[in-house]
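Structural characterization, general
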Amino acid sequence: MAEMLIENEDMEQTEEEEMENQAEDWDDWGSEDADPDFLCLFCDSKFNSVDSLFQHCSSNHSFDFQNIIKSLELDFYSSFKLINYVRSQVAVNRCWSCGLTCQSNKDLQDHLHEPVSLKNDGNFPWEDDKYLKPFMQDDSLLYSFGEDEDVQEDCTAAFDKEGLMRELMISEDLENTCLDDETMIEPSSAAFNENESKEASSSSNGSLSMSTSLENVMVNGKMGGKDIESPYLKSKDKHMKVSFANVITKEKKKVNENYFGAYSSFTIHREMISDKVRMDAYRGAILNNPSLMKCATVMDVGCGTGILSLFAAQAGASRVIAVEASEKMAAVASQIAKDNGMLLDGSPSGGNGEGTGIIKVVSGMVEEIDKHINIPPHSVDVLLSEWMGYCLLYESMLSSVLYARDRWLKPGGAILPDTATIFVAGFGKGGTSIPFWENVYGFNMSRIGKEVFEDSAKFPIVDIVDSCDIMTNAVVIQTFDLLTVKPDELDFTASFELELKPDLTLDNTKSTTAWCYGVVLWFETGFTSRFCKEMPTVLSTSPYTPKTHWSQTILTFRQPIAMGFEKPNPDVTAEIGSDSCPARRIQSRLSIVRAAEHRSIDISLETSGIGSDGQKHNWPVQIFNL
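Residues numbered from 1 in each chain as written. Predicted model: local features only at pLDDT ≥ 70, side-chain atom pairs only at ≥ 80, totals over all residues. Heavy atoms only, no water.

The next point concerns the overall build of the protein chain. On a plain count of helices and strands, the protein chain comes out with 18 helices and 20 strands. Counting across all 626 residues of the protein chain, residues that qualify as buried make up 50%. Surface accessibility of the protein chain: about 29500 Å² in total, with carbon and sulfur atoms responsible for 48%. (Helix = DSSP H or I, 4+ residues; strand = E, 2+ residues; numbered from the N terminus. Buried < 20%, exposed > 50% of the residue type's maximum accessible area, 1.4 Å probe, protein only. Areas by Shrake-Rupley, 256 points an atom, 1.4 Å probe, with all protein chains shown as cover.)

Shown next, in the form of structure tokens:
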């Protein structure tokens, strides 16, 4: 097994050669005669550089782009949206700053002025995610406006075209959000009708919408199964593509650095190790299944302190490759393994020429560990990882686990855990903060509770929901077989139906109506008998089991929905879901996709109430960004 852990001695030399080659490519581009034409945002003037374009806009049209993005602290995505927003406003002769519509473009140019107040109800007018879609096809400015901000330092960074498409493209046609069967969004599409999307975007307070993540609709250059012509993929201007790619790479790199940097905090690791449900499940699966671990080669993806790697070594593994992207935590895990006599130190011991110990800690993202270690393909017996985030998929770490699975797991090898399931149920008033504010030391502060409730309809809340506040049946909305699931299957749409629990105790014994304030999501991961033959186990984050550091994820309705077992002589003229005409069932459709912001997820929720006579009432779609 020692040959699996041979270091790549030539890696440094190879990287230097690659950098020299790419530097030559930059020189080639610099020698090309033709420069891209940059069209002014406000008139028909064209320029050979971004700087000259923005100087023109500042002096002739009172639009100082650099000063605006600096004073407003706009990031790349917001700046990208701003450009598209301005072009869309100028196209209809409307002032981008004050919104005044002029009779002609000449009148508009005469009217243009320095911006005074750009926020409307606390938001910038370009925050709508539709402005992530280029307003003008082949707009050179969108590729190049950020290239002066030290992007040269990342010009050698690896870039995946499909990754770029997933991050910034928006689908051409947005489908209707109605819950009627004829217009339901298919699981392969996470986009919405543009008119509905406007409402959804405003309700999410500027958070990134479903349509900005196209992993589920963009596969091998096809959109929804149809060939598409994309200016991003077909552009012949290498300079434009690479500068755009560099900015995106920098954005993702920054997110990754912040993400892995956060895991350098020992407070986070203490919280996770103190989670008894989490630790008992993993420790039991590893130590109580000796046939799985004995003499196995194990890879631990995202090892943190190395606790799971220590369990694997304790259970009889012959080699453990512990991968950790946080440089600080990789050093900590190495020291901990050494302190416990389990670190593979690489020095010869005895006469066999092999190093002592079992655990080899590798610092770096699993997608990049080839830079540090040579692991033969399909040579790992057990792939181990605690990758789950809030609502299961937050943090997007599962994609890294699947990469390791496809690259190194042996045919017939085991992955722990090997299943993951997401559940949903409706919750009552007790699942909100309203009861707290109704009686604060004897004083009624329900006005605060009402405002907090309204705000919670815009953002998902991660908190503990008491099982007594669950008022409907629980429904499975998605199950992943982690041995076979593909990365593009992690984005999904599921329809479900909720009914009141038969044993639900109503607050008022005379009432037949209960109020549903939203839905709560939780997950379970299974260490099933497929691999854990001696003792399978389940890790549950359910409200009905002991609490975990994952808590539950709460999606609050804009307004509570009245539900009833039955209502004698309901008022058929009243709105379904009201006290006069409670809904017998709630039909919903929920979509979860990876968001444009790296490692975040977008959640859409469509809700309908079904009356006792089968009539239906639909509520507007809600978009949540986690």
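Counted by the stated rule, this structure contains 15 aromatic pairs. With a centroid separation of 5.4 Å and 65 degrees between ring planes, the pair formed by phenylalanine 42 and phenylalanine 63 is classed as edge-to-face. With phenylalanine 42 in the loop between strand E1 (38-39) and strand E2 (46-47) and phenylalanine 63 in the loop between helix H2 (50-61) and helix H3 (65-71), this residue pair connects regions lying 21 residues apart in the sequence. Phenylalanine 63 matches phenylalanine 42 in its accessibility class, with the two residues each being buried. With a centroid separation of 5.3 Å and an interplanar angle of 85 degrees, the aromatic rings of tyrosine 85 and tyrosine 131 are classed as edge-to-face. Taken together, the residues span a long stretch of sequence, with tyrosine 85 in helix H4 (residues 76-91) and tyrosine 131 in the loop between helix H5 (105-111) and helix H6 (140-144) at a distance of 46 residues. Considered together, tyrosine 85 and tyrosine 131 belong to a single accessibility category, that of buried residues. Through a chain of ring-to-ring contacts, the aromatic side chains of Phe42, Phe54, Phe63, Phe65 and Trp96 assemble into a single cluster. (Phe/Tyr/Trp six-rings, centres within 6.5 Å; stacked < 30°, edge-to-face > 60°.)

Turning to the nonpolar core, a few remarks are in order. Core analysis: the largest hydrophobic core is formed by 95 residues, its most contacted members being Met299 and Phe480. Of the residues that make up this core, three or more belong to each of domain 2 (266-346 + 355-386) and domain 3 (419-625). Non-local contacts of methionine 299, meaning those with residues more than four positions away in its chain, are made with Ile321, Val323, Val366, Ile369, Ile375, Val380, Val382, Leu383, Leu384, Ala404 and Trp408. In terms of nonpolar packing, the next biggest core, distinct from the first, is built from 36 residues, Phe38, Phe76, Tyr77 and Leu118 among them. (Core = buried A, V, L, I, M, F, W, Y, C linked by side-chain atoms within 4.5 Å. Domains from an automatic or database assignment. Contact = heavy atoms within 4.5 Å.)

The 5 strands lie next to each other as E8-E7-E6-E9-E10, forming an open sheet whose pairing is parallel. Unpaired on one side and paired on the other, strand E8 (359-363) and strand E10 (409-416) mark the two borders of the sheet. Strand-to-strand twist in this sheet, taken as the mean axis angle between neighbours without regard to direction, amounts to 20 degrees. Summarising the sheet, strand E6 (residues 297-301) and strand E7 (residues 319-324) pair through 5 bridges and their orientation is parallel. (Pairing = 2+ DSSP bridges. Axes fitted to C-alpha atoms, helices over the stretch in contact; angles between N-to-C directions.)

Our focus in this paragraph is the pairing of strand E11 (residues 419-427). Buried residues dominate E11, accounting for 8 of its 9 residues. Two strands pair when backbone bridges link them, and E11 and strand E15 (residues 513-527) are joined in this way by 9 bridges, in the antiparallel orientation. Counted as the bridge partner of phenylalanine 423 is tryptophan 522 from E15. For E11 and strand E13 (residues 475-481), the ladder comprises 6 bridges, and the chain directions are antiparallel. Residue pairing for E13: phenylalanine 423 is matched across the bridge by valine 476.

Taken from the UniProt record, the annotation "domain: C2H2-type" (unreviewed entry) applies to residues 40-61. Strand forms 9% of residues 40-61 and helix 55%; the C-alpha atoms that close the span are 10 Å apart. (UniProt positions renumbered as here; feature names shortened; annotations may be inferred.)

With that out of the way, let us pick up the pattern of salt bridges. Tallied over the entire structure, the rule returns 12 salt bridges. Of the charged contacts in the structure, one is a salt bridge between arginine 530 and aspartate 418, with a shortest N-O distance of 3.0 Å. In this pair, arginine 530 sits in the loop between E15 and strand E16 (537-540) while aspartate 418 sits in the loop between E10 and E11, placing the two residues 112 residues apart along the sequence. Look at arginine 530 and you get partly exposed, because its relative accessible area is 32%. On the basis of relative accessible area, aspartate 418 is assigned to the buried category, the value being 0%. Across the pair aspartate 481 and arginine 530 runs a salt bridge whose closest N-O atoms are separated by 2.9 Å. Pair noted here: aspartate 481 is in strand E13 and arginine 530 is in the loop between E15 and E16, with a separation of 49 residues, a long-range link. Linked through salt bridges whose partners overlap, the residues forming this network are Asp418, Asp481 and Arg530. (Salt bridge = Lys/Arg side-chain N within 4 Å of Asp/Glu carboxyl O.)

Moving on, we come to the sheet that holds strand E18 (residues 585-594). Adjacent strands of a sheet form backbone hydrogen bonds with each other and so pair up, either parallel or antiparallel. Strand order across the open sheet formed by 4 strands is E14-E18-E19-E20, with antiparallel pairing between neighbours. The open sheet is flanked by strand E14 (492-498) and strand E20 (616-625), the only strands paired with a single partner. Across the sheet, the mean angle from the axis of one strand to that of its neighbour is 15 degrees, orientation sign disregarded. One ladder, built from 8 bridges, connects strand E19 (residues 601-610) with E20; its direction is antiparallel. Looking at the pairing, serine 608 lines up with asparagine 618 of E20.

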